[in-house]
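Chain by chain, the residues:
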Amino acid sequence: MFYRQMKKKTDEKEAGPNAYPWSRQHLTETLQDLLTYSLIGLSQLVRAGQKKGLPASAGVFTARAATATSSEWLIDPYQIIELIQQAVVIRDRLREQVHSMAGEVRLPKGPADFEPATTIPGLLSQADQILPHSLPSQSRDTNSLGYLLLSGIRGLAAYAAHAHLLGVENESVFTSLQNGLAAIHRNDPDPDDWTARAEACGCSAAKIMGLLDQACIRHYGQPFSVRVPLGARKGRAILVAGHNFRDLEALLRQAKGRGVHIYTYGEMLEAHQYPRFRQFRELAGHYEPGESSPMEDFFRFPGAVLLTGGGPVPNITGKISNLFTSGPLARPGVFHIMNRKFSRVIDHALAMEGFLKEEDQGKAEVGNDLKPFTAQADHISSKMKKGDIRRIFLVAECSRTNPWQTDGKWLPRIPEDAMAVFITCRDIGVSFHDSDLFPDTSLTKMIGQCRDPRQVVRVIRTLSDLLGAPASSLPVSLFFSWPGQKSMGVVMALFSLGLKEICLGPALPEGITPGILEMLGNRYGILAADRER
């Protein structure tokens, strides 16, 4: 179904009225759908205003609010209600501006007229009445295209919101975001139009990824390769997850001289490659046991745990007293830090016992400068022109699920005349059968799971530059197995670059139908991937 909660409601009706009690997660996901509905209405007014000559508006708010609609995180429901109310207030203010300039604006009934109830029961009642009828088409395939577009929009919004934290705003990106949202509820859905919207979304995603890279370099310095200690030092500790660098930097400054060690977790490992972070002695290394779920890691950590906004943090089940959140998105049952004032986190860490002994788990190499490619440009080009390398396999995966390399049998299946590049949560591994090109097959560069699927775009652009050929003509087969809606923004960026032969899976994106998979295959060379293939 188009909305996640509508799918759950359909299952509920089939299983019986008591199959899905009203849980906090159920409530949150329903409100996320209402927020999506509200943002569609706001975007329709923004688009109508632009047609009447008004400048674009509410781009930053739309990006931040759309990020809160992702199904990957369980957000505080009261924060979602506040965003719904803000979206409607901004929409109505914009309607008055358009009306004063050009008279009455006629829009399809629905999102542009939505007036949210003032109570949670009222909102839930509205969801039951509105969401089942909010699909613009009776065609499953057309709605599947709309859902894929919505997933890509959420990915674009997440990158735009992240870039905004570093002072980057781009009006064309915001316009693409709002145009895509406005198109979702059209009364005359056109698959070709939605496909064009997806490519426009991908083009904007590629643009904001590049701007985000530049912003990180401006703020934190040119990244360089460094070996980061894994494990832990003896003493008090704070663990930082997510990818909000501004929050990490503020915490490091406030913890200076307090006698507490700070560790990164998950994709926050990327911070170690930037010079500004390396100047803090408090940044002790990276802690991620890797044998359990993130929730179990947080529960067992003998210090405070800070979840910064936007990272791939799991839904919170139960109450963990050492857990804190920061950034734009709060989580239910967790103390939320406002305005980057982290004294409570530091004090909590100092009150805990911390690590009682050293835990040495080796080191991980970090750095996303892609020098292994650029340093060997002539050699790679020569090999490809001679036919020694006929195909490049780019494998982008989540290392926790590790679908392609679990049994260690996939790599040997690569043909002798092929090059394989692995992009995972931990590293990029470059492997050749021709060992004289890269005799050290453990050349690794870190890229993060949810923040840095954009590394795929970097690699494609780098290969295009090395070979002097457009992405559409590169002999590249991409295996893309990152889960999550945010990664659809990257897939659409690859669409916009013209890359063909993209294998998605083993799990396909949520909501995709066989008919749309076939259409994507004909248009973009998309395949449902499996390990045997």
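Not measured: the values here are computed from a predicted model. Residue numbers run consecutively from 1 along every chain, following the written order of its sequence. Residue-level local features of this predicted model are given only where pLDDT is at least 70; pairs of side-chain atoms are given and counted only at 80 or more, and the full residue set underlies all totals for whole chains, interfaces and linings. Side-chain metrics in this entry use all non-hydrogen atoms of the structure; hydrogen atoms and water are not considered.

**Student:** Residues and numbers for the packing of helix α6 (residues 140-165) against helix α7 (residues 171-184), please.
**Tutor:** The packing of two helices is summarised by the inter-axis angle and the distance between the axes. For helices, the fitted line uses only the C-alpha atoms of the stretch in contact; every axis is such a line through C-alpha atoms, and the angle between N-to-C directions lies from 0 to 180 degrees. Numbering of helices and strands starts at the N terminus; helices are DSSP runs of H or I of at least 4 residues and strands are runs of E of at least 2. Running from N to C, α6 and α7 cross one another at 155°; their axes reach a closest spacing of 10 Å. Regarding the angle of α6 to α7, the classification is roughly antiparallel. The element α6 and its partner α7 pack so that their crossing is left-handed. For the pair α6 and α7, contact is made by Gly 146, Leu 149, Leu 150, Ile 153, Leu 156, Ala 157 and Ala 160 and by Val 173, Phe 174, Ser 176, Leu 177, Gly 180, Leu 181 and Ile 184, respectively. Of the residues belonging to the contact of α6 with α7, the class tally is eleven nonpolar, three polar and no charged. Angle categories are assigned with fixed cut-offs, so that under 35 degrees is roughly parallel, over 145 is roughly antiparallel, 65 to 115 is roughly perpendicular, and the rest are oblique. Handedness of a crossing follows from how the near helix is turned relative to the far one, being left-handed for an anticlockwise turn of less than a right angle and right-handed for a clockwise one. Contact between two residues is taken to exist if any of their heavy atoms lie within 4.5 Å; hydrogens are not considered. Only Asp, Glu, Lys and Arg are considered charged in this grouping, and only Ala, Val, Leu, Ile, Met, Phe, Trp, Tyr, Cys and Pro are considered nonpolar; every other residue, Gly among them, is considered polar.

**Student:** Can you tell me about the packing of aromatic side chains, naming the residues and giving the values?
**Tutor:** Any Phe, Tyr or Trp ring, taking Trp's six-membered ring, that has another such ring centre within 6.5 Å forms a pair; planes under 30 degrees apart are called stacked, those over 60 apart edge-to-face, and the others tilted. Within the structure shown, the criterion is met by 14 aromatic pairs. Geometrically, the ring pair formed by Tyr 263 and Phe 301 is edge-to-face, given 6.4 Å between the ring centres and 75° between the ring planes. You can see Tyr 263 sitting in strand β3 (residues 261-264) and its partner Phe 301 sitting in the loop between α11 (294-300) and β5 (304-307), a full 38 residues away along the chain. Exposure class is identical for Tyr 263 and Phe 301. Each is buried. Taken together, Tyr 220, Phe 245, Tyr 274 and Phe 277 form an aromatic cluster joined through their ring pairs. One residue, Arg 344, lies across the ring of Phe 335, its end atom 3.8 Å from the ring centre. Only protein chains enter the accessibility calculation, which uses a 1.4 Å probe. A residue is then buried if its area is under 20% of the maximum for its type, exposed if over 50%, and partly exposed in between. Distance and angle both matter: a charge sits over a ring if NZ of Lys or CZ of Arg is within 6 Å of the ring centre and within 35 degrees of the ring normal.

**Student:** Pulling in residues and values, what's your account of the nonpolar core?
**Tutor:** Here the nonpolar core consists of buried residues drawn from Ala, Val, Leu, Ile, Met, Phe, Trp, Tyr and Cys, with membership extended through side-chain atoms lying within 4.5 Å. Among the nonpolar cores identified, the biggest contains 124 residues, and Leu 39, Ile 238, Phe 277, Leu 478, Phe 480 and Ile 502 are the most heavily contacted of them. Excluding its chain neighbours within four sequence positions, the residues that come into contact with Ile 238 are Leu 251, Val 260, His 261, Ile 262, Tyr 263, Phe 301, Ala 304, Val 345, Ile 346 and Ala 349. Judged by nonpolar contacts, the second largest core, of 16 residues, contains Ala 232, Met 295, Phe 301 and Val 305.

**Student:** Can you tell me about the pattern of salt bridges, naming the residues and giving the values?
**Tutor:** Any Lys or Arg side-chain nitrogen located within 4 Å of an Asp or Glu carboxyl oxygen qualifies as a salt bridge. Under the definition given, this model contains eight salt bridges. One salt bridge connects Asp 92 with Arg 91, and the closest N-O pair in it is separated by 3.0 Å. Residue Arg 253 is joined to Glu 249 by a salt bridge in which the shortest nitrogen-to-oxygen separation is 3.0 Å. Placement of the pair is Arg 253 and Glu 249 together in helix α9 (residues 245-255), with a separation of four residues, close to one helical turn.

**Student:** Tell me about the side chain of Ser 464, and name the residues and values.
**Tutor:** Structurally, the position occupied by Ser 464 is in helix α15 (residues 454-467). Polar contacts, as counted here, are pairs of nitrogen or oxygen atoms within 3.5 Å of one another; within protein the pair requires one atom able to donate a hydrogen and one able to accept it, and residues that are adjacent in sequence qualify only if both atoms are side-chain atoms. In this structure the side chain of Ser 464 is engaged in a polar contact, spanning 2.3 Å, whose partner is the backbone oxygen of Ala 469. The contacts of Ser 464, once residues within four sequence positions are left out, are Ala 469, Pro 470, Ala 471 and Leu 474.

**Student:** Any chance you could break down the side chain of Glu 288 for me, citing the residues and the numbers?
**Tutor:** Structurally, the position occupied by Glu 288 is in the loop between β4 (283-286) and α11. From its side chain, Glu 288 meets the backbone nitrogen of Gly 266 in a polar contact 3.3 Å long. Of the polar contacts made by the side chain of Glu 288, one reaches the side chain of His 286; its length is 2.9 Å.

**Student:** I'd like a rundown of helix α4 (residues 77-102), residues and numbers included.
**Tutor:** Helix length check: α4, at 26 residues, gives a terminal C-alpha distance of 37 Å against a target of 38 Å (1.5 Å per residue), a fit within 8%. For α4, every residue scored as buried is listed here: Pro 77, Gln 79, Ile 80, Ile 81, Leu 83, Ile 84, Ala 87, Val 88, Arg 91, Leu 94 and Val 98. Near the N-terminus of α4, the side chain that reaches the backbone nitrogen of Tyr 78, with its oxygen 3.0 Å away, is that of Asp 76. Following α4 by one or two positions, Gly 103 has its phi on the positive side, about 85°. In this analysis, the expected span of each helix is defined as 1.5 Å times one less than the number of residues it contains.

**Student:** Residues and numbers for unusual backbone geometry, please.
**Tutor:** Of note, Ala 58 is a non-glycine position whose phi angle comes to about 65°, a positive value. Position of Ala 58 among the secondary structure elements: in the loop between α2 (24-51) and α3 (59-67). Look at Arg 340: it is not a glycine, yet its phi comes out positive at around 55°. Turning to its location among the elements, Arg 340 is positioned in the loop between β7 (335-336) and α12 (343-351).

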